[in-house]
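These are the residues of each chain, in order.
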Amino acid sequence: MLADRRILLIICGGIAAFKALDVIRRLREAGATVVPVLTRAGEEFVTPLSVSALAAQTVYRDLFDLTDEAEMGHIELSRAADLVVVAPATADLMAKMANGLANDLASTLLMATDKRVLIAPAMNVRMWQHPAMQRNLAALRGDGVLLVGPEDGTMACGEFGPGRMADVPDIVAALAAALSDGALAGRHVLVTSGPTHEPIDPVRYIANRSSGAQGAAIAAALRELGARVSFVTGPARVPPPEGVEVIRVETAREMLEAVLAALPADAAVFAAAVADWRVANATDRKMKKTEGAGAPTLDFAENPDILKTVSQLDAGRPGLVVGFAAETHDVATNATAKRARKGCDWIVANDVSPETGIMGGEENKVSIVSAEGVEDWPRLSKVETARRLAARIAEAISG
Ligand code: CTP
């Protein structure tokens, strides 16, 4: 997928700029040509010499560099590439992109390009969470800019949280997906996965045994077909796949908020095992065991039904909404009723009765319930089930 492809790599200023050197190395190993652009601030972190030596290419630095313009104008430079990648992408460059500024080489190239743009943001956690940043991010998503990361982690500044640039293998995987000529290239698909945790107090919570395996396999299969995948996951045991945008949440309410923020999407797959109930009288302080006071009583409140909410959106409903059903008996009848109740397009129903060994296992046996009726699939590995489902989704949304 990367062989003989031409990547325009814009390196902005930030501690993470050193990782861009590794991106160049890996892309070249995979047979791609990397044309590097280094911003003024980027030069403070990596030298033009190391960038051009690793890329074996001229490093472009200045909009008004006449030699560069004589060789290749900025318009041509931005269009000769198959993909434009910004790694690391700073808050400053993202703000320029979101507002259409073009006052240096990097921002001008980004305005002039007719190719897909993938950015790997890297910044301090507070900068990432700033409302201005989140506004810009929403604008960029709306413009179809692809994102990889950022990840949660310890920052160079010592703070912890989202803002650390995605790891190099994740950037390379996202890049390959963005370049893929797969059936879902250019499409955005949302996937929920894993369990939710519903707090009782600051140290205790109610959870379920979902591993997140099926959701992760579906996200990976969609990415393999070239989709941009937003992966909203509860605290799962199975790690998220590479090359998808990971949005981590704990509770059902956080999951709903993250899902709505990730829209619009061409399709949405709700594979998460969302808790139906949360503790209504959860406390901010740890519950204490008081001598003679007896056991505490937990009150429950119903959680929002994320699948149903999205299925019934008036504006911004994804073109295809897929829900899951875990049934132990009357699988087809129950799943058909569930499809009507939720208002989704398909239900992927699986028989989780203990004798099937599906719950927590490597395999799955599902039935797809749609307006056309019920289709039983054979027993397959979860990965194979995911691939079939992704192919079916591609068929449905491009048909
Ligand atoms: N779902 C959701 N939000 C909830 C509950 C469920 O998005 N609060 C989604 C799940 O991700 C899944 C489907 O709805 O796609 C499952 O529906 P649910 O009503 O929870 O049914 P089951 O868990 O299968 O079982 P039951 O019918 O016994 O409740």
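One can find the structure itself at the top, above this paragraph.
Residues numbered from 1 in each chain as written. Predicted model: local features only at pLDDT ≥ 70, side-chain atom pairs only at ≥ 80, totals over all residues. Heavy atoms only, no water.

Caption draft 1: The arrangement of the nonpolar core in detail. Grouped together as the largest cluster of nonpolar side chains are 36 residues, with contacts concentrated most on Ile-11, Leu-27 and Leu-175. Contributing elements (two or more residues each) for this core: strand S1 (6-11), helix H1 (17-29), strand S2 (33-38), helix H3 (48-55), strand S3 (83-89), strand S4 (116-121) and helix H10 (168-179). Considering every element that reaches this core, the biggest residue donor is H10, with eight residues. Ignoring any residue separated from it by four or fewer positions in sequence, one finds Leu-175 in contact with Leu-2, Ile-7, Leu-27, Leu-83, Val-85 and Leu-118. The next biggest cluster of nonpolar side chains, apart from the first, holds 30 residues, and it includes Ile-10, Val-35, Val-86 and Leu-105. (Core = buried A, V, L, I, M, F, W, Y, C linked by side-chain atoms within 4.5 Å. Buried < 20%, exposed > 50% of the residue type's maximum accessible area, 1.4 Å probe, protein only. Helix = DSSP H or I, 4+ residues; strand = E, 2+ residues; numbered from the N terminus. Contact = heavy atoms within 4.5 Å.)

Caption draft 2: Structural detail: the sheet that holds strand S12 (residues 245-248). Judged by pairing direction, the sheet is mixed, and its eight strands sit side by side in the order S12-S11-S8-S13-S16-S17-S19-S20 without closing on themselves. For this open sheet the edge positions go to S12 and strand S20 (373-376), each flanked by a neighbour on one side alone. The sheet shows a mean angle of 20° between the axes of neighbouring strands, direction not considered. Of the strand pairs in this sheet, strand S16 (residues 320-327) and strand S17 (residues 346-351) are connected by six bridges, and their pairing is parallel. Across the sheet, residue Glu-327 finds its bridge partner in S17, namely Asp-351. Relative to the sheet, helix H14 (residues 331-342) contacts S16, S17, strand S19 (366-370) and S20, its axis offset from that of S17 by approximately 150°. (Pairing = 2+ DSSP bridges. Axes fitted to C-alpha atoms, helices over the stretch in contact; angles between N-to-C directions.)

Caption draft 3: Quick peek at the site of the ligand. Lining the immediate environment of the ligand, one finds 14 residues, of which Phe-270, Ala-272, Leu-307, Phe-324 and Lys-338 sit closest. Within the backbone of Ile-306, an N or O atom sits 3.0 Å from a nitrogen atom of the ligand. In this structure, Leu-307 approaches the ligand through a main-chain N or O atom, which is 2.8 Å from an oxygen atom. Coverage of the ligand by the protein chains reaches 76% of its 580 Å² of free accessible surface. Because more than half of its atoms lie within 2 Å of the grid, the ligand is assigned to the largest pocket. Within the residue set of the shell around the ligand, elements represented by two or more residues are helix H13 (306-311), S16 and H14. With four residues, S16 is the largest single contributor of residues to the shell around the ligand. Counted by class, the shell around the ligand contains nine nonpolar, one polar and four charged residues. (Near = heavy atom within 4 Å. Polar contact = N/O pair within 3.5 Å; in protein donor to acceptor, adjacent residues only side chain to side chain. Areas by Shrake-Rupley, 256 points an atom, 1.4 Å probe, with all protein chains shown as cover. 1 Å grid on protein atoms, 1.4 Å probe; cavity = no way out; pocket = protein on both sides within 12 Å on 5 of 7 lines; lining within 4 Å. Sits in = over half its atoms within 2 Å of the grid points. Nonpolar A, V, L, I, M, F, W, Y, C, P; charged D, E, K, R; others polar.)

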